[in-house]
Amino acid sequence: MLWLALHFPRLCLDVFGRSRPADTPLAVVEGPLLLAVSPAAATAGARAGMRATHVGALCPALALINRDTAAEQGALQRLADRALHYSSYVSLHPPNGVILEIGGSLRLFGGIGALLKRIDDDLATLGYETARAVAPTPGAAWLLTLAEDDTPVLDRTRLRRRLADLSCSLLDLDTRQREALAGLGLHTLGDCLALPRADLGRRLGGDLLLQLERALGEQPDPRRAYRAAHVFHAEQPLPGEAHEVESVLFALQRLLQDLAGLLRSLEAGVQQVDIRLHHERRPPTRLSAGLQTPSRAPGRLLAVSRERLQRQPLQAPVIAVGLDAVRFLPLAPEPVMLLDDPGRQHQRYWQHLVERLTARLGENTVHGMETVPEHRPERAWKAAPPDRPGNQQSNSHRPLWLLARPHLLKQHQGRPSWNGPLVLGSTPERIETGWWDGDDISRDYYTARASTGALIWIYRDRRPPRSWYLHGFFG
(Lines give C-alpha, C1' and ligand atoms only; values in the text may rest on other atoms or scores of the structure.)
Protein backbone atom coordinates (compact mmCIF):
# COMPACT_ATOMS: atom_id res chain seq x y z
CA MET A 1 0.00 0.00 0.00
CA LEU A 2 1.04 3.59 -0.59
CA TRP A 3 -0.34 6.56 1.31
CA LEU A 4 -0.59 10.24 0.48
CA ALA A 5 -0.97 12.71 3.36
CA LEU A 6 -2.35 16.19 2.66
CA HIS A 7 -1.70 18.77 5.35
CA PHE A 8 -3.47 22.15 5.34
CA PRO A 9 -1.38 24.10 7.86
CA ARG A 10 -3.36 27.35 7.55
CA LEU A 11 -6.84 25.87 7.27
CA CYS A 12 -8.14 28.20 10.01
CA LEU A 13 -7.13 31.15 7.81
CA ASP A 14 -7.89 29.68 4.38
CA VAL A 15 -11.59 29.11 5.18
CA PHE A 16 -11.87 32.91 5.25
CA GLY A 17 -9.08 33.96 2.90
CA ARG A 18 -10.27 31.89 -0.07
CA SER A 19 -13.33 34.16 -0.30
CA ARG A 20 -11.14 37.25 -0.77
CA PRO A 21 -8.30 38.22 -3.14
CA ALA A 22 -4.82 37.14 -2.04
CA ASP A 23 -3.68 40.70 -1.31
CA THR A 24 -6.25 41.16 1.49
CA PRO A 25 -4.60 41.67 4.94
CA LEU A 26 -6.28 39.09 7.14
CA ALA A 27 -5.65 37.43 10.51
CA VAL A 28 -7.48 34.78 12.54
CA VAL A 29 -7.78 35.39 16.27
CA GLU A 30 -8.05 32.74 18.99
CA GLY A 31 -8.41 34.31 22.40
CA PRO A 32 -6.22 37.42 22.70
CA LEU A 33 -3.60 36.22 20.18
CA LEU A 34 -3.26 36.01 16.42
CA LEU A 35 -3.42 32.35 15.35
CA ALA A 36 -2.55 32.82 11.65
CA VAL A 37 -1.94 35.75 9.29
CA SER A 38 -2.19 36.10 5.51
CA PRO A 39 0.88 36.94 3.37
CA ALA A 40 -0.36 40.52 2.97
CA ALA A 41 -0.68 40.88 6.74
CA ALA A 42 2.77 39.33 7.27
CA THR A 43 4.25 41.87 4.84
CA ALA A 44 2.79 44.63 7.00
CA GLY A 45 4.51 43.17 10.07
CA ALA A 46 1.80 41.02 11.67
CA ARG A 47 2.91 37.66 13.07
CA ALA A 48 1.17 34.67 14.58
CA GLY A 49 1.37 34.88 18.38
CA MET A 50 1.03 38.67 18.54
CA ARG A 51 -1.67 40.17 20.68
CA ALA A 52 -4.62 41.32 18.63
CA THR A 53 -4.75 44.63 20.52
CA HIS A 54 -1.19 45.53 19.44
CA VAL A 55 -1.32 44.71 15.74
CA GLY A 56 -3.66 47.52 14.68
CA ALA A 57 -0.89 50.10 14.61
CA LEU A 58 1.19 47.95 12.22
CA CYS A 59 -1.61 47.33 9.75
CA PRO A 60 -4.71 49.53 10.13
CA ALA A 61 -6.42 47.73 7.21
CA LEU A 62 -5.99 44.32 8.85
CA ALA A 63 -9.24 42.33 9.15
CA LEU A 64 -9.43 40.33 12.41
CA ILE A 65 -11.72 37.28 12.45
CA ASN A 66 -12.44 34.87 15.27
CA ARG A 67 -11.55 31.25 14.59
CA ASP A 68 -14.45 29.13 13.30
CA THR A 69 -13.79 25.44 14.00
CA ALA A 70 -17.11 24.40 12.44
CA ALA A 71 -16.11 26.06 9.16
CA GLU A 72 -12.74 24.27 9.33
CA GLN A 73 -14.43 20.88 9.82
CA GLY A 74 -16.77 21.53 6.90
CA ALA A 75 -13.86 22.56 4.68
CA LEU A 76 -11.93 19.42 5.63
CA GLN A 77 -14.90 17.24 4.69
CA ARG A 78 -15.22 18.96 1.33
CA LEU A 79 -11.53 18.36 0.70
CA ALA A 80 -12.09 14.69 1.50
CA ASP A 81 -15.00 14.68 -0.96
CA ARG A 82 -12.62 15.89 -3.63
CA ALA A 83 -9.96 13.34 -2.68
CA LEU A 84 -12.41 10.50 -3.38
CA HIS A 85 -11.86 11.15 -7.07
CA TYR A 86 -8.28 9.93 -6.68
CA SER A 87 -8.78 7.09 -4.21
CA SER A 88 -11.54 4.84 -2.95
CA TYR A 89 -10.03 4.93 0.54
CA VAL A 90 -9.86 8.37 2.14
CA SER A 91 -9.56 9.16 5.84
CA LEU A 92 -9.88 12.41 7.74
CA HIS A 93 -6.96 13.42 9.97
CA PRO A 94 -8.42 16.22 12.12
CA PRO A 95 -8.05 19.04 12.57
CA ASN A 96 -6.29 19.88 9.30
CA GLY A 97 -5.35 16.77 7.33
CA VAL A 98 -6.63 14.20 4.85
CA ILE A 99 -4.90 10.87 4.17
CA LEU A 100 -5.65 8.67 1.17
CA GLU A 101 -4.40 5.34 -0.11
CA ILE A 102 -3.07 5.85 -3.65
CA GLY A 103 -1.34 2.55 -4.39
CA GLY A 104 -4.42 1.28 -6.21
CA SER A 105 -4.72 4.48 -8.27
CA LEU A 106 -1.26 4.67 -9.81
CA ARG A 107 -2.04 2.75 -13.00
CA LEU A 108 -5.32 4.60 -13.47
CA PHE A 109 -3.63 8.02 -13.41
CA GLY A 110 -0.40 7.09 -15.19
CA GLY A 111 2.04 6.66 -12.30
CA ILE A 112 3.04 8.49 -9.14
CA GLY A 113 4.34 11.60 -10.92
CA ALA A 114 1.23 12.12 -13.02
CA LEU A 115 -1.08 11.46 -10.07
CA LEU A 116 0.68 13.93 -7.78
CA LYS A 117 0.65 16.59 -10.50
CA ARG A 118 -3.08 16.10 -11.00
CA ILE A 119 -3.68 16.49 -7.28
CA ASP A 120 -1.37 19.52 -7.00
CA ASP A 121 -3.11 21.26 -9.90
CA ASP A 122 -6.51 20.43 -8.46
CA LEU A 123 -5.71 21.79 -5.00
CA ALA A 124 -4.12 24.92 -6.47
CA THR A 125 -7.52 26.05 -7.73
CA LEU A 126 -9.16 25.81 -4.29
CA GLY A 127 -7.28 28.48 -2.37
CA TYR A 128 -5.80 26.26 0.36
CA GLU A 129 -2.13 26.19 1.33
CA THR A 130 -1.14 22.52 1.11
CA ALA A 131 1.80 20.31 2.04
CA ARG A 132 1.93 16.67 0.97
CA ALA A 133 4.05 13.55 1.44
CA VAL A 134 3.97 9.95 0.21
CA ALA A 135 5.06 6.91 2.23
CA PRO A 136 4.22 3.20 2.66
CA THR A 137 2.36 3.87 5.94
CA PRO A 138 -0.16 6.59 6.79
CA GLY A 139 1.70 7.55 9.97
CA ALA A 140 4.98 8.02 8.12
CA ALA A 141 3.29 10.04 5.39
CA TRP A 142 1.81 12.36 8.00
CA LEU A 143 5.14 12.87 9.80
CA LEU A 144 6.87 13.64 6.50
CA THR A 145 4.25 16.16 5.51
CA LEU A 146 4.63 17.91 8.87
CA ALA A 147 8.36 18.07 8.09
CA GLU A 148 7.51 19.50 4.61
CA ASP A 149 9.41 16.63 2.99
CA ASP A 150 7.59 16.03 -0.30
CA THR A 151 10.03 13.51 -1.82
CA PRO A 152 8.01 10.25 -2.09
CA VAL A 153 9.14 7.18 -0.15
CA LEU A 154 7.91 4.26 -2.24
CA ASP A 155 9.15 1.22 -0.25
CA ARG A 156 9.76 0.33 3.38
CA THR A 157 13.47 -0.43 2.91
CA ARG A 158 14.16 3.32 2.83
CA LEU A 159 11.50 4.35 5.28
CA ARG A 160 13.47 3.95 8.51
CA ARG A 161 16.36 6.04 7.19
CA ARG A 162 14.01 8.82 6.04
CA LEU A 163 12.22 8.92 9.39
CA ALA A 164 15.38 8.85 11.47
CA ASP A 165 16.25 12.49 10.69
CA LEU A 166 12.83 13.87 11.63
CA SER A 167 12.44 15.92 14.79
CA CYS A 168 10.65 14.43 17.80
CA SER A 169 8.57 17.62 17.91
CA LEU A 170 6.51 16.23 15.01
CA LEU A 171 5.09 13.45 17.21
CA ASP A 172 1.73 13.86 18.93
CA LEU A 173 3.00 14.15 22.52
CA ASP A 174 1.96 15.91 25.70
CA THR A 175 4.10 18.42 27.58
CA ARG A 176 5.47 15.82 30.03
CA GLN A 177 6.67 13.56 27.22
CA ARG A 178 8.34 16.46 25.39
CA GLU A 179 10.16 17.49 28.54
CA ALA A 180 11.26 13.89 29.13
CA LEU A 181 12.63 13.61 25.57
CA ALA A 182 14.59 16.83 26.01
CA GLY A 183 15.89 15.64 29.38
CA LEU A 184 17.17 12.41 27.86
CA GLY A 185 18.79 14.26 24.94
CA LEU A 186 16.50 12.64 22.37
CA HIS A 187 15.92 15.12 19.55
CA THR A 188 15.21 12.97 16.47
CA LEU A 189 13.20 9.85 15.76
CA GLY A 190 16.51 8.13 15.06
CA ASP A 191 17.59 8.88 18.63
CA CYS A 192 14.43 7.22 19.91
CA LEU A 193 14.75 4.18 17.64
CA ALA A 194 18.32 3.61 18.81
CA LEU A 195 17.10 2.85 22.34
CA PRO A 196 15.74 -0.55 23.43
CA ARG A 197 12.00 -0.58 22.73
CA ALA A 198 11.07 -1.76 26.23
CA ASP A 199 13.03 1.04 27.91
CA LEU A 200 11.59 3.62 25.51
CA GLY A 201 8.04 2.56 26.26
CA ARG A 202 8.61 2.41 30.00
CA ARG A 203 10.22 5.85 30.21
CA LEU A 204 8.08 7.80 27.72
CA GLY A 205 4.82 5.93 27.50
CA GLY A 206 3.33 3.31 25.23
CA ASP A 207 1.61 5.83 22.95
CA LEU A 208 4.96 7.25 21.77
CA LEU A 209 6.25 3.77 21.02
CA LEU A 210 3.01 2.93 19.20
CA GLN A 211 3.35 6.03 17.00
CA LEU A 212 6.86 5.01 16.00
CA GLU A 213 5.97 1.39 15.29
CA ARG A 214 2.93 2.39 13.24
CA ALA A 215 4.99 4.84 11.21
CA LEU A 216 7.49 2.04 10.47
CA GLY A 217 4.71 -0.39 9.55
CA GLU A 218 5.48 -2.70 12.48
CA GLN A 219 2.03 -2.24 14.00
CA PRO A 220 -1.38 -1.92 12.28
CA ASP A 221 -2.57 1.66 11.78
CA PRO A 222 -6.33 1.40 11.11
CA ARG A 223 -7.91 4.48 9.58
CA ARG A 224 -11.63 5.13 9.47
CA ALA A 225 -12.80 5.40 5.88
CA TYR A 226 -14.59 8.60 4.92
CA ARG A 227 -17.92 8.30 3.10
CA ALA A 228 -19.25 11.21 1.08
CA ALA A 229 -22.84 12.36 1.55
CA HIS A 230 -25.08 12.51 -1.52
CA VAL A 231 -26.17 16.04 -0.68
CA PHE A 232 -24.18 19.25 -0.49
CA HIS A 233 -24.60 21.94 2.15
CA ALA A 234 -21.76 24.40 2.57
CA GLU A 235 -21.24 27.93 3.75
CA GLN A 236 -18.39 30.32 3.02
CA PRO A 237 -17.95 33.09 5.60
CA LEU A 238 -16.73 36.43 4.32
CA PRO A 239 -13.97 38.40 6.06
CA GLY A 240 -16.14 41.53 5.90
CA GLU A 241 -19.49 42.74 4.68
CA ALA A 242 -19.99 42.43 0.91
CA HIS A 243 -22.00 45.19 -0.74
CA GLU A 244 -21.53 44.14 -4.36
CA VAL A 245 -22.47 41.05 -6.33
CA GLU A 246 -18.88 40.52 -7.53
CA SER A 247 -17.68 40.04 -3.95
CA VAL A 248 -20.39 37.45 -3.42
CA LEU A 249 -19.48 35.68 -6.66
CA PHE A 250 -15.85 35.34 -5.57
CA ALA A 251 -16.96 33.30 -2.54
CA LEU A 252 -19.64 31.44 -4.50
CA GLN A 253 -17.07 30.32 -7.07
CA ARG A 254 -15.12 28.57 -4.30
CA LEU A 255 -18.24 26.72 -3.13
CA LEU A 256 -19.06 25.65 -6.67
CA GLN A 257 -15.54 24.23 -7.01
CA ASP A 258 -16.11 22.24 -3.80
CA LEU A 259 -19.44 20.97 -5.15
CA ALA A 260 -17.79 19.99 -8.44
CA GLY A 261 -15.20 17.96 -6.54
CA LEU A 262 -17.90 15.97 -4.73
CA LEU A 263 -19.92 15.43 -7.91
CA ARG A 264 -16.85 14.26 -9.78
CA SER A 265 -16.11 11.71 -7.07
CA LEU A 266 -19.69 10.40 -7.26
CA GLU A 267 -19.90 10.53 -11.10
CA ALA A 268 -22.96 12.73 -10.69
CA GLY A 269 -24.31 16.13 -11.72
CA VAL A 270 -26.93 18.63 -10.60
CA GLN A 271 -29.62 20.51 -12.44
CA GLN A 272 -30.32 23.09 -9.73
CA VAL A 273 -28.39 24.79 -6.94
CA ASP A 274 -29.82 26.92 -4.15
CA ILE A 275 -27.90 29.99 -2.99
CA ARG A 276 -28.15 31.54 0.47
CA LEU A 277 -26.96 35.09 1.15
CA HIS A 278 -26.62 35.62 4.90
CA HIS A 279 -27.05 39.07 6.42
CA GLU A 280 -26.32 40.51 9.85
CA ARG A 281 -29.79 41.33 11.16
CA ARG A 282 -32.28 39.82 8.74
CA PRO A 283 -33.21 36.40 7.34
CA PRO A 284 -31.03 35.08 4.51
CA THR A 285 -31.89 35.83 0.90
CA ARG A 286 -32.58 32.58 -0.98
CA LEU A 287 -32.12 32.20 -4.74
CA SER A 288 -32.12 29.25 -7.14
CA ALA A 289 -30.20 28.74 -10.37
CA GLY A 290 -31.07 25.94 -12.79
CA LEU A 291 -29.59 24.18 -15.80
CA GLN A 292 -31.20 22.59 -18.84
CA THR A 293 -29.27 19.35 -18.34
CA PRO A 294 -27.33 17.94 -15.36
CA SER A 295 -23.74 19.14 -15.08
CA ARG A 296 -20.89 19.42 -12.59
CA ALA A 297 -18.90 22.08 -14.47
CA PRO A 298 -18.31 24.94 -12.00
CA GLY A 299 -17.97 27.48 -14.81
CA ARG A 300 -21.41 26.63 -16.18
CA LEU A 301 -22.99 26.77 -12.72
CA LEU A 302 -21.26 30.07 -11.99
CA ALA A 303 -22.54 31.63 -15.24
CA VAL A 304 -26.21 31.00 -14.41
CA SER A 305 -25.65 31.96 -10.76
CA ARG A 306 -24.14 35.26 -11.88
CA GLU A 307 -27.17 36.05 -14.05
CA ARG A 308 -29.53 35.13 -11.21
CA LEU A 309 -27.70 37.31 -8.68
CA GLN A 310 -27.52 40.27 -11.02
CA ARG A 311 -31.28 40.07 -11.57
CA GLN A 312 -31.95 40.82 -7.91
CA PRO A 313 -29.97 43.59 -6.15
CA LEU A 314 -28.55 42.78 -2.71
CA GLN A 315 -31.15 43.55 -0.05
CA ALA A 316 -28.50 44.07 2.64
CA PRO A 317 -24.73 43.59 3.11
CA VAL A 318 -23.73 39.90 2.88
CA ILE A 319 -21.59 38.31 5.62
CA ALA A 320 -21.62 34.70 4.36
CA VAL A 321 -22.61 32.75 1.25
CA GLY A 322 -24.25 29.32 1.40
CA LEU A 323 -24.76 26.74 -1.34
CA ASP A 324 -27.12 23.75 -1.28
CA ALA A 325 -27.62 20.92 -3.77
CA VAL A 326 -29.91 18.10 -2.68
CA ARG A 327 -30.67 16.19 -5.87
CA PHE A 328 -27.73 14.46 -7.49
CA LEU A 329 -28.32 12.91 -10.90
CA PRO A 330 -26.19 10.26 -12.65
CA LEU A 331 -23.85 11.85 -15.16
CA ALA A 332 -22.09 9.62 -17.66
CA PRO A 333 -18.74 10.87 -18.98
CA GLU A 334 -18.91 12.46 -22.41
CA PRO A 335 -17.47 10.31 -25.23
CA VAL A 336 -14.17 11.42 -26.69
CA MET A 337 -14.74 12.51 -30.30
CA LEU A 338 -11.97 12.03 -32.85
CA LEU A 339 -13.49 14.74 -35.05
CA ASP A 340 -15.36 17.92 -34.18
CA ASP A 341 -19.12 17.52 -34.04
CA PRO A 342 -20.72 20.88 -35.02
CA GLY A 343 -24.18 19.62 -34.09
CA ARG A 344 -23.06 18.70 -30.59
CA GLN A 345 -21.33 22.05 -30.13
CA HIS A 346 -24.44 23.89 -31.36
CA GLN A 347 -26.64 21.96 -28.92
CA ARG A 348 -24.30 22.78 -26.03
CA TYR A 349 -24.22 26.46 -26.98
CA TRP A 350 -28.02 26.52 -27.20
CA GLN A 351 -28.41 24.94 -23.76
CA HIS A 352 -26.04 27.45 -22.17
CA LEU A 353 -27.85 30.36 -23.84
CA VAL A 354 -31.26 29.19 -22.60
CA GLU A 355 -29.89 28.70 -19.07
CA ARG A 356 -28.48 32.21 -18.89
CA LEU A 357 -31.59 33.82 -20.37
CA THR A 358 -33.80 31.94 -17.91
CA ALA A 359 -31.60 32.95 -14.97
CA ARG A 360 -31.64 36.60 -16.06
CA LEU A 361 -35.28 36.99 -17.15
CA GLY A 362 -37.14 34.49 -14.94
CA GLU A 363 -38.44 30.95 -14.96
CA ASN A 364 -41.54 31.52 -17.11
CA THR A 365 -40.17 33.97 -19.65
CA VAL A 366 -38.09 31.73 -21.93
CA HIS A 367 -39.75 29.06 -24.06
CA GLY A 368 -39.49 27.34 -27.38
CA MET A 369 -42.06 27.18 -30.14
CA GLU A 370 -43.54 24.32 -32.10
CA THR A 371 -46.14 24.11 -34.85
CA VAL A 372 -49.52 22.45 -34.51
CA PRO A 373 -51.88 21.16 -37.23
CA GLU A 374 -54.11 24.24 -37.49
CA HIS A 375 -54.95 26.38 -40.55
CA ARG A 376 -55.58 29.62 -38.64
CA PRO A 377 -52.13 31.29 -38.52
CA GLU A 378 -52.55 32.71 -35.02
CA ARG A 379 -53.31 29.21 -33.73
CA ALA A 380 -50.77 27.27 -35.77
CA TRP A 381 -48.10 27.35 -33.02
CA LYS A 382 -47.78 26.90 -29.29
CA ALA A 383 -45.16 27.49 -26.62
CA ALA A 384 -42.93 24.52 -25.74
CA PRO A 385 -40.09 23.91 -23.31
CA PRO A 386 -36.91 25.43 -24.76
CA ASP A 387 -35.01 22.16 -24.37
CA ARG A 388 -37.55 20.09 -26.37
CA PRO A 389 -37.11 20.10 -30.16
CA GLY A 390 -40.79 19.43 -30.85
CA ASN A 391 -42.32 19.74 -34.31
CA GLN A 392 -40.46 22.56 -36.06
CA GLN A 393 -41.96 22.13 -39.55
CA SER A 394 -43.23 25.38 -40.99
CA ASN A 395 -45.00 26.58 -44.12
CA SER A 396 -42.49 28.42 -46.30
CA HIS A 397 -45.33 30.58 -47.70
CA ARG A 398 -45.99 32.02 -44.26
CA PRO A 399 -43.73 34.34 -42.23
CA LEU A 400 -42.32 33.35 -38.84
CA TRP A 401 -43.04 36.80 -37.40
CA LEU A 402 -46.76 37.33 -36.83
CA LEU A 403 -48.26 40.36 -35.13
CA ALA A 404 -50.08 39.77 -31.87
CA ARG A 405 -53.12 41.41 -33.46
CA PRO A 406 -53.62 41.99 -37.20
CA HIS A 407 -53.15 45.67 -38.05
CA LEU A 408 -55.91 47.40 -40.07
CA LEU A 409 -54.48 48.88 -43.29
CA LYS A 410 -55.50 52.02 -45.06
CA GLN A 411 -56.85 51.76 -48.60
CA HIS A 412 -56.17 53.93 -51.61
CA GLN A 413 -58.53 53.50 -54.52
CA GLY A 414 -59.49 50.09 -53.18
CA ARG A 415 -55.86 48.93 -52.85
CA PRO A 416 -54.11 48.30 -49.48
CA SER A 417 -51.50 50.82 -48.37
CA TRP A 418 -48.73 50.67 -45.74
CA ASN A 419 -46.11 53.41 -45.87
CA GLY A 420 -47.27 53.88 -49.42
CA PRO A 421 -49.03 51.68 -51.96
CA LEU A 422 -48.43 47.92 -51.70
CA VAL A 423 -47.60 45.67 -54.64
CA LEU A 424 -49.29 42.29 -54.31
CA GLY A 425 -46.86 39.54 -55.23
CA SER A 426 -48.71 36.25 -55.09
CA THR A 427 -51.94 34.53 -55.82
CA PRO A 428 -54.12 34.49 -52.73
CA GLU A 429 -54.14 31.69 -50.18
CA ARG A 430 -57.70 31.29 -48.98
CA ILE A 431 -58.24 30.22 -45.38
CA GLU A 432 -61.81 29.55 -44.34
CA THR A 433 -62.15 27.51 -41.19
CA GLY A 434 -63.09 27.47 -37.50
CA TRP A 435 -66.87 27.31 -37.90
CA TRP A 436 -67.09 24.56 -35.26
CA ASP A 437 -65.64 26.56 -32.33
CA GLY A 438 -67.16 30.00 -32.90
CA ASP A 439 -63.88 31.64 -33.96
CA ASP A 440 -64.34 31.18 -37.69
CA ILE A 441 -62.39 33.16 -40.27
CA SER A 442 -62.67 33.71 -44.00
CA ARG A 443 -59.58 35.39 -45.46
CA ASP A 444 -57.52 35.71 -48.62
CA TYR A 445 -53.77 36.03 -47.80
CA TYR A 446 -51.20 37.71 -50.03
CA THR A 447 -47.51 38.47 -49.92
CA ALA A 448 -46.91 42.12 -50.67
CA ARG A 449 -43.92 44.37 -51.28
CA ALA A 450 -43.86 47.74 -49.48
CA SER A 451 -42.29 50.89 -50.90
CA THR A 452 -39.47 50.43 -48.36
CA GLY A 453 -38.67 47.01 -49.86
CA ALA A 454 -40.07 45.04 -46.91
CA LEU A 455 -41.89 41.81 -47.75
CA ILE A 456 -45.04 41.51 -45.65
CA TRP A 457 -48.01 39.19 -45.27
CA ILE A 458 -51.47 40.72 -45.57
CA TYR A 459 -54.99 39.46 -45.94
CA ARG A 460 -58.38 40.70 -46.99
CA ASP A 461 -61.36 39.74 -44.89
CA ARG A 462 -63.92 38.14 -47.20
CA ARG A 463 -66.74 39.33 -45.01
CA PRO A 464 -68.05 42.89 -45.08
CA PRO A 465 -66.63 45.49 -44.95
CA ARG A 466 -63.86 43.44 -46.69
CA SER A 467 -61.02 45.33 -44.97
CA TRP A 468 -57.29 44.74 -45.47
CA TYR A 469 -54.99 43.75 -42.57
CA LEU A 470 -51.23 43.39 -41.99
CA HIS A 471 -50.55 40.08 -40.23
CA GLY A 472 -46.82 39.41 -40.43
CA PHE A 473 -43.32 40.11 -41.76
CA PHE A 474 -40.94 37.92 -43.75
CA GLY A 475 -37.25 37.94 -42.80
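A brief report on the enclosed structure follows. (Residues numbered from 1 in each chain as written. Predicted model: local features only at pLDDT ≥ 70, side-chain atom pairs only at ≥ 80, totals over all residues. Heavy atoms only, no water.)

Here's the deal with a nonpolar patch on the surface
Point 1. A cluster of nonpolar residues, Tyr349, Trp350, Leu353, Leu357 and Leu361, forms a patch on the protein surface that exposes about 490 Å² of accessible area.
Point 2. Its place among the elements puts Leu353 in helix 14 (residues 342–361). (Patch = residues over 30% accessible without salt bridge, like charges linked within 9 Å, V, L, I, M, F, W, Y side chains within 5 Å. Areas by Shrake-Rupley, 256 points an atom, 1.4 Å probe, with all protein chains shown as cover. Salt bridge = Lys/Arg side-chain N within 4 Å of Asp/Glu carboxyl O. Helix = DSSP H or I, 4+ residues; strand = E, 2+ residues; numbered from the N terminus.)

Notes on helix 5 (residues 112–124)
Point 1. Taking 1.5 Å of rise per residue, the 13 residues of helix 5 would be expected to cover 18 Å, and the 18 Å separating its terminal C-alpha atoms lies within 8% of that figure.
Point 2. Tucked into the core, helix 5 has its buried residues touching strand 1 (3–7), helix 3 (69–83), helix 4 (106–109), strand 7 (131–135) and helix 12 (245–266). (Expected span 1.5 Å × (residues − 1). Contact = heavy atoms within 4.5 Å.)

Side note on the pattern of salt bridges
Point 1. The tally for this structure, following the rule as stated, stands at 33 salt bridges.
Point 2. Arg10 is the salt-bridge partner of Glu129, the closest N and O atoms lying 2.6 Å from each other. Taken together, the residues Glu129 in the loop between helix 5 and strand 7 and Arg10 in the loop between strand 1 and helix 1 (11–17) connect sequence positions 119 residues apart.
Point 3. What you see here is one network of salt bridges that share partners, running through Glu374, Arg376, Arg379, Asp437 and Asp439.

Details of the environment of Leu186
Point 1. Considering the arrangement of structural elements, one finds Leu186 in the loop between helix 8 (175–184) and helix 9 (189–193).
Point 2. Under the relative-accessibility criterion, Leu186 is labelled buried at 9%.
Point 3. Taking C-alpha positions, Leu186 is 12 Å from Arg203, a pair spaced 17 residues apart along the chain.
Point 4. Aside from chain neighbours lying at most four places away, what touches Leu186 is Cys168, Leu181, Asp191, Cys192, Leu195 and Leu204. (Buried < 20%, exposed > 50% of the residue type's maximum accessible area, 1.4 Å probe, protein only.)

Thoughts on unusual backbone geometry
Point 1. For the bond from Pro94 to Pro95, the omega torsion is 5°, close enough to zero to count as cis.
Point 2. Within the element layout of this structure, Pro95 appears in the loop between strand 5 (90–93) and strand 6 (97–101).
Point 3. Here the residue pair Pro464 and Pro465 is connected by a cis peptide bond, since its omega of 10° sits within 30 degrees of zero.
Point 4. Mapped onto the fold, Pro465 is located in the loop between strand 21 (455–461) and strand 22 (468–473).
Point 5. In this structure, Glu267 takes a positive phi of about 55° despite not being glycine.
Point 6. Within the fold, Glu267 resides in the loop between helix 12 and strand 9 (268–278).
Point 7. Judged by its relative accessible area of 40%, Glu267 falls in the partly exposed class.
Point 8. You will see that Asn419, though not glycine, has its phi angle at about 55°, which is positive.
Point 9. By the secondary structure assignment, Asn419 is in the loop between strand 17 (415–417) and strand 18 (423–424).

So, the packing of aromatic side chains
Point 1. For the structure shown, the criterion picks out 10 aromatic pairs.
Point 2. Plain terms: the ring middles of Trp435 and Trp436 are 5.5 Å apart, the flat faces sit at 85° to each other, and that makes the pair edge-to-face.
Point 3. Aromatic ring contacts, followed pair by pair, group Tyr445, Trp457, Tyr459 and Tyr469 into a single cluster.
Point 4. The ring centre of Tyr459 lies 4.4 Å from the NZ or CZ of Arg443, which sits over that ring. (Phe/Tyr/Trp six-rings, centres within 6.5 Å; stacked < 30°, edge-to-face > 60°. Lys NZ or Arg CZ within 6 Å of the ring centre and 35° of its normal.)

Observations concerning the sheet that holds strand 2 (residues 26–30)
Point 1. Strands sit in the order 3-2-4 across an open sheet of 3 strands; the sheet is mixed. Pairing within the sheet leaves two strands with one partner each, and these edge strands are strand 3 (33–37) and strand 4 (63–66). Between one strand axis and the next, the sheet turns by 40° as a mean value, whatever way the strands run.
Point 2. Here 4 bridges tie strand 2 to strand 4, and the two strands are oriented parallel to one another. Counterpart to Val28 in the pairing with strand 4 is Ile65. (Pairing = 2+ DSSP bridges. Axes fitted to C-alpha atoms, helices over the stretch in contact; angles between N-to-C directions.)

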